[in-house]
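# Examining the three-dimensional arrangement
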Amino acid sequence: MAEIAEFVNRGAALVTPAVAEKVLRQLPFWKVEFTQITEPLFPHLVDQLEFLADAVEDFAEGAYKELPYCAFAEAVFALIYAHKKVGIIPDFVLNFGHADDSSVVRAALIKNEKAFAIYAGSQGVEWSKITSNP
């Protein structure tokens with residue numbers, strides 16, 4: 001997991017305000033796209049992506065200002081990564097196409113678990129339903 005966490009760190013370091021703004025414009029479309037993910041090995045992935053998308057939107061729009069910027073940047077990176085069709089493992093690989101997406105998303109959630117748990121509580125979202133488990 002350390003390698004994935006470092007990968008997320010490096011990716012988040014590249015998230016500039018311009019990158020975040022571009023993601024925000026695309027996020028409504030990505031949310032719909034994410035709902036189409038059907039991966040039995042990663043049953044929490046869609047909920048986790050929706051959660052991160054909501055956190056990014058709320059932070060960027062000023063509706064939730066308590067999220068640390070590093071958590072925001074890592075969430076943005078995780079969303080960008082999950083949106084890509086070809087990552088470490090291409091999405092079209094049967095049963096394993098979203099394994100890398102799930103790992104990146106889980107790394108962002110685990111690294112920022114305390115901040116995201118507080119955000120979940122503020123939104124009336126049960127953190128255990130988002131879970132950082134695969």
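Everything that follows concerns the structure shown earlier in this document.
For the structure given in this document, a descriptive report is provided here. (Residues numbered from 1 in each chain as written. Predicted model: local features only at pLDDT ≥ 70, side-chain atom pairs only at ≥ 80, totals over all residues. Heavy atoms only, no water.)

## So, the overall build of the protein chain
Threshold: What counts as a helix is a DSSP run of H or I of at least four residues, what counts as a strand is a run of E of at least two, and both are numbered from the N terminus. Categorising residues by exposure relies on relative accessible area from a 1.4 Å probe, with only protein chains included: less than 20% of the type maximum marks a residue as buried, more than 50% marks it as exposed, and the intermediate range marks it as partly exposed. Here a residue-residue contact requires only that any non-hydrogen atoms of the pair lie within 4.5 Å. With residues, only the protein chains shown are counted as cover, and all accessible areas are computed by Shrake-Rupley using a 1.4 Å probe.
The secondary structure content of the protein chain amounts to 7 helices and 0 strands. Element order for the protein chain, N to C, with α for helix and β for strand: α-α-α-α-α-α-α. Looking at the 134 residues of the protein chain, the share that counts as buried comes to 46%. Within the protein chain, contacts between residues at least 6 apart in sequence are counted, and of these 70% link residues at least 24 apart. Carbon and sulfur atoms form 61% of the exposed surface of the protein chain, whose accessible area is close to 7,000 Å².

## Remarks on the packing of aromatic side chains
Put simply, the test is: Under the pairing criterion, centres of Phe, Tyr and Trp rings, with the six-membered ring standing for Trp, must be within 6.5 Å; the plane angle then separates stacked pairs below 30 degrees from edge-to-face pairs above 60, leaving the rest tilted.
If you walk through the whole model with that rule in mind, you get 10 aromatic pairs. Taking 5.4 Å as the distance between ring centres and 65° as the angle between the ring planes, the aromatic pair formed by Phe51 and Tyr119 counts as edge-to-face. Of this pair, Phe51 sits in helix 3 (residues 45-60) while Tyr119 sits in helix 6 (residues 113-122), and the two are 68 residues apart along the sequence. Exposure remark for Phe51: the relative accessible area of 4% places this residue in the buried category. Ring geometry for Tyr69 and Phe72: centres 5.4 Å apart, planes at 50°, overall tilted. Linking Tyr69 with Phe72, this pair stays in helix 4 (residues 69-83), spanning 3 residues, or about one helical turn. Looking at Tyr69, the relative accessible area reads 41%, which means it is partly exposed. Among the aromatic residues, those joined into a ring-pair cluster are Phe51, Tyr64, Phe116, Tyr119 and Trp127.

## Concerning the nonpolar core
For clarity, the cut-off: Within this scheme, the nonpolar core is defined by two criteria: the residues are buried Ala, Val, Leu, Ile, Met, Phe, Trp, Tyr or Cys, and they are joined through side-chain atoms within 4.5 Å.
Membership of the largest hydrophobic core comes to 41 residues, with the highest contact counts inside it found for Leu49, Phe51, Leu52, Leu67, Leu79, Leu109 and Phe116. Breaking this core down by element, the ones donating at least two residues are helix 1 (2-13), helix 2 (17-35), helix 3, helix 4, helix 5 (99-111), helix 6 and helix 7 (127-130). The contact partners of Phe51, leaving out residues within four places of it in the chain, are Leu109, Phe116, Tyr119, Ala120, Val125, Trp127 and Ile130.

## With respect to helix 4
This is how it is decided: To estimate the expected span of a helix, subtract one from its residue number and multiply by 1.5 Å.
For helix 4, with 15 residues, the first-to-last C-alpha span of 21 Å sits near the 21 Å given by 1.5 Å per residue. Within helix 4 the residues assigned to the buried category are Ala71, Phe72, Ala73, Glu74, Ala75, Val76, Phe77, Ala78, Leu79, Tyr81 and Ala82.

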